[in-house]
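What follows is each chain in one-letter form.
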Amino acid sequence: VHRVRISKPFLLGKYPVTNREYQRFLEGNSGIKPPLYWANSQFNEPQQPIVGVSWEDAQVFCQWAGCRLPTEAEWEYACRAGNPGAFCFGDAESELEQYAWYAKNSGGKTQAVGQKKPNRWGLYDMHGNVWEWCEDRYGGYSKKPVTDPTGPEKGQYRVLRGGSWRGGDPAGLRSACRLNNTPGNRIGSVGFRCVWVEGSSP
């Protein structure tokens, strides 16, 4: 546990990026390769979150959309919505199904965004459904208080947050849970959401 200060205003996407939104991106960029699983009926309904996208793919989308990926600190700050507990709603695992799609209730696939309860800042699917890429490289935390951390300058892995439809252990969906993957990897449980900083046009 360490103290983190977020000093700059930002807007985080209400939902993870959906297939419908990614379709518009593909239509506007004919040279972009479709994501892995794009033709898989388990994952390609319009309001399901996009999966099978690498960190590198997410970067190209964000540049096109005029946004960026959240830092790990921004993501956790937004997920918690002021709650210091294990989840955005507190510590009771018995309530997790009201907020998250995971192995217990997902039916073995992603689900359309926005069906579960949001956190108290109005953000949906922060727990479960898909792991979400963050901007940062993966590394250890500073033991000292930090302001606007952006992760280590070097490293082969990027941060993933939030848990997914495949996770069977509620501990993997906690607000503080971290995972990592190589930036070129594409898997069926990873998507992303976008951040807009002050002065941009969401």
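Just so it is clear, the structure is predicted and the values come from calculations on it, not from any experiment.

Asks: Could you give an account of the sheet that holds strand 6 (residues 178-181), naming the residues involved and the relevant values?
Replies: Pairing is mixed in the open sheet, where 4 strands are placed in the order 6-5-3-7. With partners counted over all chains shown, the strands left at the sheet margins are strand 6 and strand 7 (190-191), one partner each. The pairing of strand 5 (residues 158-161) with strand 6 spans 4 bridges and is classified as antiparallel. Across the sheet, Arg-158 pairs through a bridge with Asn-181, a residue of strand 6. Helix-sheet contacts for helix 2 (residues 55-65) involve strand 3 (131-137) and strand 5, and the interaxial angle to strand 3 is about 85 degrees.

Asks: I'd love a proper account of the side chain of Arg-161, names of residues and values included.
Replies: Within the fold, Arg-161 resides in strand 5. Exposure remark for Arg-161: the relative accessible area of 0% places this residue in the buried category. For Arg-161, the contacting residues outside a window of four places in its chain are Glu-72, Trp-75, Glu-76, Val-130, Trp-131, Glu-132, Cys-134, Tyr-141, Ser-175, Ala-176, Cys-177 and Arg-178.

Asks: Help me get a handle on helix 3 (residues 72-80), residues and values and all.
Replies: Spacing of three or four residues puts side chains on the same side of an α-helix, whose turn is 3.6 residues. Here helix 3 lies mainly inside the structure; 8 of its 9 residues are buried. The complete set of buried residues in helix 3 reads Glu-72, Ala-73, Glu-74, Trp-75, Glu-76, Ala-78, Cys-79 and Arg-80. Directly beyond the C-terminal end of helix 3, a positive phi value near 50 degrees is found at Ala-81.

Asks: So, the packing of aromatic side chains: which residues are in play, and what are the values?
Replies: Scanning all chains against the criterion turns up 14 aromatic pairs. Ring centres of Tyr-22 and Phe-61 lie 5.6 Å apart, and the angle between their planes is 5 degrees; on these two criteria the pair is classed as stacked. Taken together, the residues span a long stretch of sequence, with Tyr-22 in helix 1 (residues 19-27) and Phe-61 in helix 2 at a distance of 39 residues. Phe-61 shares its class with Tyr-22; the two are buried. Aromatic ring contacts, followed pair by pair, group Tyr-22, Phe-25, Trp-38, Phe-61, Trp-64 and Phe-192 into a single cluster. Cation over ring: Arg-158 sits above Trp-55, and NZ or CZ is 3.8 Å from the ring centre. Positioned above the aromatic ring of Tyr-141 is the side chain of Arg-178, whose terminal nitrogen or guanidinium carbon lies 4.1 Å from the ring centre.

How each quantity is defined
- Residues numbered from 1 in each chain as written.
- Predicted model: local features only at pLDDT ≥ 70, side-chain atom pairs only at ≥ 80, totals over all residues.
- Heavy atoms only, no water.
- Pairing = 2+ DSSP bridges.
- Helix = DSSP H or I, 4+ residues; strand = E, 2+ residues; numbered from the N terminus.
- Contact = heavy atoms within 4.5 Å.
- Axes fitted to C-alpha atoms, helices over the stretch in contact; angles between N-to-C directions.
- Buried < 20%, exposed > 50% of the residue type's maximum accessible area, 1.4 Å probe, protein only.
- Phe/Tyr/Trp six-rings, centres within 6.5 Å; stacked < 30°, edge-to-face > 60°.
- Lys NZ or Arg CZ within 6 Å of the ring centre and 35° of its normal.

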